Amino acid sequence: MTAPDRDLRVLFFGDSFVAGTGDPQARGWVGRVAAASWAAGIPTSAYALGIRRETSLEVAARWRAEALPRLLAGADCRFVVSFGANDATFEDGRARVDPELSARTLATLLDGAARLGLPAFVVGPPPSCDAEQDERIGALTRRFATVCASREVPFVPVHAALVASATWGEEARAGDGVHPGAGGYTALAELVLAGGWLDWVG
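These remarks concern the structure in this document. Since the structure is predicted, the reported quantities are computational estimates derived from the model, not experimental observations. For every chain, the first residue of its written sequence is number 1, and the numbers climb from 1 along that sequence. Local features are withheld for residues below a pLDDT of 70 in this predicted model, meaning they are given only at 70 or higher, and side-chain atom pairs are given and counted only at 80 or more; totals for whole chains, interfaces and linings count all residues. Hydrogen atoms and water are omitted, and side-chain values are computed over all heavy atoms in the structure.

Thoughts on the pattern of salt bridges
Turning to step 1, where the next piece is worked out: Salt bridges are identified by distance alone: a Lys or Arg side-chain nitrogen within 4 Å of an Asp or Glu carboxyl oxygen. This model, assessed by the stated rule, comprises 12 salt bridges.
Turning to step 2, where the next piece is worked out: The salt bridge involving Arg9 is made with Asp7; its shortest N-O contact spans 3.1 Å.
Turning to step 3, where the next piece is worked out: A relative accessible area of 25% places Asp7 in the partly exposed class.
Turning to step 4, where the next piece is worked out: Close ionic contact of Arg52 with Asp176 constitutes a salt bridge, the shortest N to O distance being 3.6 Å. Of the two residues, Arg52 sits in the loop between strand E2 (45-50) and helix H3 (56-67) while Asp176 sits in the loop between helix H7 (166-174) and helix H8 (182-194), which places them 124 residues apart along the sequence.
Turning to step 5, where the next piece is worked out: Three or more residues are tied together by salt bridges with common partners; here these are Arg53, Glu58, Glu91 and Arg96. Under the scheme applied here, a residue whose accessible area is under 20% of the maximum for its type counts as buried, over 50% as exposed, and between as partly exposed, the area being computed with a 1.4 Å probe on protein chains only. Secondary structure elements are defined from DSSP: runs of H or I of at least 4 residues count as helices, runs of E of at least 2 residues count as strands, and each element is numbered from the N terminus.

What follows is the structure, given as structure tokens:
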């Protein structure tokens, strides 16, 4: 349990999966983990700052300007980031962002958050329902895990589990071919919770 006067602010940066695109309940995984935090006695102000089609580079270009107005002296402010699926998308015969650059960008983001005194938590990129792209997302997940381990930042890989999730795949294919519905986002949220979320916010 937390003190009743604790002002916990968690800023979630990323792409359309952070925004919860495709969820008819308009909660996404961010809303679900925030609700789980409240249910565990950890009141949480959650800011879902996801933008469709954004790559790691685009998130990195905006995060600080969007974070600063939401930070308050004396509050417990925290930083969550999740991106990578758009980095691994092929355009003009190559990935939108080179995987090495994606990893360096994540490292730069985490270092920037540390300089602001923001504890960080990273959620790996979900699958795309395209086999070749999913191979690239899997490889990017491994790169991100290495970056986080070197900085002792919690990292939750979700790609492999969601590739194996019938609910995720069925909902994504029934929708726009990429984003799941409520069941898929519930599965993603459960992976985040199992990855130590409540210990981290608590």
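Brief notes about the nonpolar core
Turning to step 1, where the next piece is worked out: By size, the foremost hydrophobic cluster in this structure holds 27 residues, and its most contacted members are Phe12, Trp29, Val80, Phe121, Leu188, Val192 and Trp197.
Turning to step 2, where the next piece is worked out: Elements with a minimum of two residues in this core: strand E1 (8-14), helix H1 (16-19), helix H2 (28-39), strand E6 (120-123), H8 and helix H9 (197-201).
Turning to step 3, where the next piece is worked out: When residues in this core are grouped by element, the largest group, five residues, is from H8.
Turning to step 4, where the next piece is worked out: Ignoring any residue separated from it by four or fewer positions in sequence, one finds Phe121 in contact with Phe79, Val80, Val81, Val153, Pro154, Val156, Val192, Gly195, Gly196, Trp197 and Trp200. Side-chain atoms within 4.5 Å are what join buried Ala, Val, Leu, Ile, Met, Phe, Trp, Tyr and Cys residues into a set we call a nonpolar core. Contacts are assigned to residue pairs with any non-hydrogen atoms lying within 4.5 Å of each other.

Some words on the pairing of strand E3 (residues 76-82)
Turning to step 1, where the next piece is worked out: Within E3, six of the seven residues are buried, which leaves the element mostly enclosed by the surrounding structure.
Turning to step 2, where the next piece is worked out: Any two strands between which DSSP finds at least two bridges are classified as paired. As paired elements, E1 and E3 share seven bridges and run parallel to each other. Residue pairing for E3: Leu11 is matched across the bridge by Phe79.
Turning to step 3, where the next piece is worked out: Sheet topology places E3 next to E6; three bridges connect them, and they run parallel. Within the sheet, the bridge partner assigned to Phe79 lies in E6 and is Ala120.

Points about helix H5 (residues 131-151)
Turning to step 1, where the next piece is worked out: Each residue after the first adds 1.5 Å to the expected span of a helix. An ideal rise of 1.5 Å per residue puts 30 Å on 21 residues; H5 measures up with 31 Å between its terminal C-alpha atoms.
Turning to step 2, where the next piece is worked out: Along H5, the positions that sit buried rather than exposed are Gln133, Asp134, Ile137, Gly138, Leu140, Thr141, Phe144, Val147 and Cys148.
Turning to step 3, where the next piece is worked out: Where H5 is buried, its residues meet helix H4 (99-115), E6, strand E7 (155-156) and helix H6 (159-163).
Turning to step 4, where the next piece is worked out: The residue sitting at the N-terminus of H5 and contributing the capping side-chain oxygen is Asp130; that oxygen lies 3.3 Å from the backbone nitrogen of Glu132.
Turning to step 5, where the next piece is worked out: The first or second residue beyond H5 is Glu152, which carries a positive phi of 55°. Here a polar contact means two N or O atoms within 3.5 Å. Within protein one must be a hydrogen donor candidate and the other an acceptor candidate, and residues neighboring in sequence count only if both atoms are side-chain atoms.

Describing the side chain of Thr21
Turning to step 1, where the next piece is worked out: Within the secondary structure, Thr21 sits in the loop between H1 and H2.
Turning to step 2, where the next piece is worked out: Contacts of Thr21, omitting those with residues within four sequence positions, involve Ser16, Arg52, His179, Pro180 and Tyr185.

Let's talk about H2
Turning to step 1, where the next piece is worked out: Under the 1.5 Å per step criterion, the end-to-end length of H2 is 17 Å for 12 residues, consistent within 8% with the ideal 16 Å.
Turning to step 2, where the next piece is worked out: The complete set of buried residues in H2 reads Gly28, Trp29, Val30, Arg32, Val33, Ala34, Ala36 and Ser37.
Turning to step 3, where the next piece is worked out: Positive backbone phi, at 85°, marks Gly41, one or two positions downstream of H2.

Concerning the pairing of E6
Turning to step 1, where the next piece is worked out: Of the two faces of E6, both are covered, the one formed by Ala120 and Val122 as well as the one formed by Phe121 and Val123.
Turning to step 2, where the next piece is worked out: Two strands pair when backbone bridges link them, and E6 and E7 are joined in this way by two bridges, in the parallel orientation. Within E7, the position partnered with Val122 by the bridge is Phe155.
Turning to step 3, where the next piece is worked out: In this region the chain leaves E6, passes through H5 and returns to the parallel neighbour E7; the handedness of that crossover is right-handed. Handedness of a crossover is defined as follows: orient the strands so they point away from the viewer, and if the path from the first strand over the helix to the second runs clockwise, the crossover is right-handed.

Honestly, it's all geometry; don't read function into it.
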